[in-house]
Structures are given as C-alpha cells and as structure tokens.
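Chain and residue survey
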Amino acid sequence: MALMPNVYNPNMAAILNSELSIFRKFIHIPSYVKHPTGNIEAINFITSHLESIGFKIQIRGDELSEQPTIVAKYLGHKSNRKVVIYGHYDVALVKDSKNWVSDDPFTLEEVEGRVYGRGIADNKGPLLSRIQAITELIKSDKPVPQILWLIQGEEEIIEGERVAHKVFKNEIPSFGANLYIEETGFNDLVTNEQIAFLWSRSVPEKQLYKWHSLLNNSLNQPRIEFRHLNKLNGIEACPLLSNLPQNSIYIGFGPNDKLHNIHQDNESLAKSKLLQHKNQFKKFITLFAEATDVE
Ligand SMILES: [Zn+2]
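As the structure is a computational prediction, the values presented were derived from the model and not from experiment. (Residues numbered from 1 in each chain as written. Predicted model: local features only at pLDDT ≥ 70, side-chain atom pairs only at ≥ 80, totals over all residues.)

**As for helix α5 (residues 209-219)**
Owing to its 3.6 residues per turn, the α-helix aligns residues three or four sequence positions apart on the same side. Of the positions making up α5, those classed as buried are Trp211, Leu214, Leu215, Ser218 and Leu219. Each buried residue of α5 sits inside an arc of 105 degrees when the element is viewed along its axis, so together they form one side. Among the exposed residues of α5, those oriented more than 90 degrees off its buried face are Tyr209 and Asn217. Its buried side turned inward, α5 meets β9 (193-199), β10 (223-225), β11 (249-252) and α6 (271-290). (Buried ≥ 20, exposed ≤ 12 C-beta atoms within 10 Å, placed from the backbone. Helix = DSSP H or I, 4+ residues; strand = E, 2+ residues; numbered from the N terminus. Arc of directions from axis to C-beta. Contact = placed C-beta atoms within 7 Å.)

Here it is in structure tokens:
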C-alpha cells in the first residue's frame, strides 16, 4: 500500500484538539509569583483531579507561603512498590508578551507541530500528562505503586526561604521510597534520541543495570545517561535533588528538548512528544509496579 500524503483530516484534528483541551485549561491559569488568584486556582485544578482518582491531599506550608506544596498520596493497587514523583505548578514570569507566537502567553497556541504557552514545558505539560497517565492506570485496574506526589509552587522563586524544602525534608524519609522521578526529561534533536537520566548519589553507575531494561522497555530504547537534569539555580535550590536519600534511584524522562525556551519567552514543546509522554509514563509505572528485580 502506498503511503498516504499528509492530507488534512478533520476527524484527526478534532481528536488532537480534544487531547489538548485540558492542557489549554491548565496553561490558562496564571500561576506565577504573587498573582492574586493564579496559584490557588492551579492548586485546585490539580487536587480536584487527583482527589477524584483516590489520592489523599494535604496542602503544606500554606501558613508561610501563598505558593504552598501539594502533598498527594496514593495507597497503591495490587503492588507494594513505592515511588516519589516530583512536579511544580508555578510558572516563570513572562518577560515580554510581544516575543510570543500568540497574543497571550497564557493561551496555548499550536504552530507547526509545537505547542506554545507559559509553563507548557516547565512543568505543566509533563505534570498533566502524568496525571492523565495515572488516572488511566487507576481506572484500568492494573497494578499501581504507592505514590507520594510532591508538587511544589516555588520552583521559579529564586530568593528567600521556600517552604517546599521543609516539606520535602519531612515527607521523603517517612514515605520511604527508593525511586524518585524528576519533573521531566530531555530529547536530543540532533540525533533524534530520547534521553533518560538514571542517577544515584551513592550507587555507582555500573550497579544500575537493572533499571536499564525497565527504561528500555517503556521508552523505546532511550539514550541512558548517568546524570540528573540540569538545574538553573543549582541542586541545592531543588527540593527533590537536595533531599534525595542515599542509595535512592533518580530517574528523569519527558518531552522537553533544546527548543523548549523554559524561563524565556515563547516556551514550547513538540506536540507529538507531549502526547507520547502519557503513554510512556503509564508503561514505566506499570512495569515498575510489576517488577520483581528492582529494589
Ligand atoms: Zn521546572
């Protein structure tokens, strides 16, 4: 059969638009520093989704910050494994709205296969894909590990004390997971490879081979690198990296690439990679929940 030329298919366009509509709603919430209502709206948006699928929610640090941390816990289903997932609902400030493809950076805009909007790459796109993935898993009756989902609201605040650090310091040891998943990951646009970060503070690279098959099977042969995601403000500014227990395993994968322009104007992601992330995350979490050799 000859390959079809790339004809416009109105049905396909409608499906993709409905897939993006939830992202459009989340991007539309202006959850940047000191916005009078944006942060609480973002918290409500996330917690109502997670509560509806059985997560127990606590908001921590709200007596000290307008941008407190969401602590969401899921008890697990047919699995006793434990995982900590990291994310954040706050977004960087817009520098100049004239530099965006859209008139409004808080309105998701699709141009030539990329979706543009403040926060789509850092971190609302990956975060929402994962909420969708976990929702589908829970509804499918497949095994789901115990989850501690730490979603902070101060990642884009550089100065002063941030309550997220205290919250992470308390919650991480008492939950007792071995696996920690970063907010996103990276793709190499030159080689077309997906990169997976696999790292530990104290376990040497050569002892992490058990995790390779899990990553290979869920991400379709990624390039696995022994490192963590680059943090603009350093490891100490990141409440996940700075609170990782000794011997724990850190993994990062996601839809970002070097065109994502995070913290700059015209932030974007490749739409195909954003939509693919949900399925990859689902696969990874399922394989982890069922695995017998990763501890
Ligand atoms: Zn971020």
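**Considering the pairing of β9**
Along β9, 6 of the 7 residues are buried, which leaves the element largely enclosed by surrounding structure. The sheet contact formed by strand β8 (residues 186-188) and β9 spans 3 bridges and is antiparallel. Bridged to Phe186 within β9 is Ile195. In this antiparallel pair of consecutive strands, β8 and β9, the connection spans 4 residues, and Asn192 shows a positive phi of 70 degrees. (Pairing = 2+ DSSP bridges.)

**Focus on helix α4 (residues 163-175)**
If you check α4, its first and last C-alpha atoms are 19 Å apart, about what 13 residues at 1.5 Å a residue would give, namely 18 Å. Buried within α4 are the following residues: Val163, Ala164, Val167, Phe168 and Ile172. Down the axis of α4, the buried side of the element spans an arc of 135 degrees, and every buried residue falls inside it. Away from the buried face of α4 by more than 90 degrees, exposed residues Lys169, Pro173 and Ser174 are located. (Expected span 1.5 Å × (residues − 1).)

**So, the packing of α5 against α6**
One can describe the packing of α5 onto α6 by two numbers: an axis separation of 8 Å at closest approach and a directional angle of 145 degrees. For the pair α5 and α6, the sense of crossing is right-handed. Touching Leu214, Asn217, Ser218 and Leu219 of α5 are Gln280, Lys283, Phe284, Leu287 and Phe288, all from α6. Residues belonging to the contact of α5 with α6 are distributed by class as follows: 5 nonpolar, 3 polar and 1 charged. (Axes fitted to C-alpha atoms, helices over the stretch in contact; angles between N-to-C directions. Left-handed = near helix turned anticlockwise from the far one by under 90°. Nonpolar A, V, L, I, M, F, W, Y, C, P; charged D, E, K, R; others polar.)

**Some details on unusual backbone geometry**
Residue Asp122 is joined to Asn123 through a cis peptide bond whose omega torsion reads 10 degrees. Tracing the chain through its elements places Asn123 in helix α3 (residues 120-140). Phi at Lys78 is positive, roughly 55 degrees, even though this residue is not glycine. On the neighbour-count criterion, Lys78 (11 C-beta atoms within 10 Å) is exposed. Positive phi outside glycine occurs at Gln221, with the angle close to 55 degrees. Residue Gln221 is classed as exposed on the basis of its C-beta count, with 11 C-beta atoms lying within 10 Å.

**Here we look at the sheet that holds strand β13 (residues 268-270)**
One open sheet holds the 3 strands; their spatial order is β4-β5-β13, and the pairing between them is antiparallel. This sheet does not close on itself; its edge strands, each paired only once, are β4 (109-111) and β13. When strand polarity is set aside, the average angle formed by the axes of neighbouring strands in this sheet is 25 degrees. Both strand β5 (residues 114-116) and β13 contribute to a ladder of 3 bridges, which runs antiparallel. Among the inter-strand pairings, Arg114 is bridged to a residue of β13, identified as Ala270. On top of the sheet, α3 reaches β5 and β13; it is set at about 50 degrees to β13, its chief contact.

**Some thoughts on the nonpolar core**
Counting 72 residues, the largest nonpolar core has Val84, Tyr180 and Ala196 as the members making the most contacts within it. When residues in this core are grouped by element, the largest group, 8 residues, is from α3. When near neighbours in sequence (up to four residues on either side) are disregarded, Ala196 contacts Gly185, Leu215, Leu219, Pro222, Ile224, Ile251 and Phe253. (Core = buried A, V, L, I, M, F, W, Y, C linked by C-beta atoms within 7 Å.)

**With respect to the environment of Gly76**
Along the polypeptide, Gly76 turns up in the loop between β2 (69-74) and β3 (82-88). A sequence separation of 12 residues divides Gly76 from His88, and the C-alpha atoms of the two residues are 22 Å apart. Discounting residues that sit within four places of it in the chain, Gly76 has contacts with Val144, Pro145 and Gln146.

**Digging into the environment of Leu259**
When you line up the elements, Leu259 lands in the loop between β12 (256-257) and β13. Once residues lying within four places of it in the same chain are set aside, the contact partners of Leu259 are Leu189 and Ser268.

**What about the packing of α3 against α6?**
Two numbers describe a pair of packed helices, the interaxial angle and the distance between the axes. At a minimum axis distance of 8 Å, the contact between α3 and α6 shows a crossing angle of 50 degrees. On the basis of the axis angle, α3 is oblique to α6. In this structure, α3 meets α6 at a crossing whose hand is right-handed. Between α3 and α6, the residues in contact are Gly125, Pro126, Ser129, Arg130, Gln132, Ala133, Glu136 and Leu137 and Leu274, His277, Lys278, Phe281, Lys282, Ile285 and Thr286, respectively. For the contact of α3 with α6, the class distribution of residues is 6 nonpolar, 5 polar and 4 charged. (Parallel < 35°, antiparallel > 145°, perpendicular 65-115°, else oblique.)

Interpretation in functional terms is not warranted from these geometric data alone.
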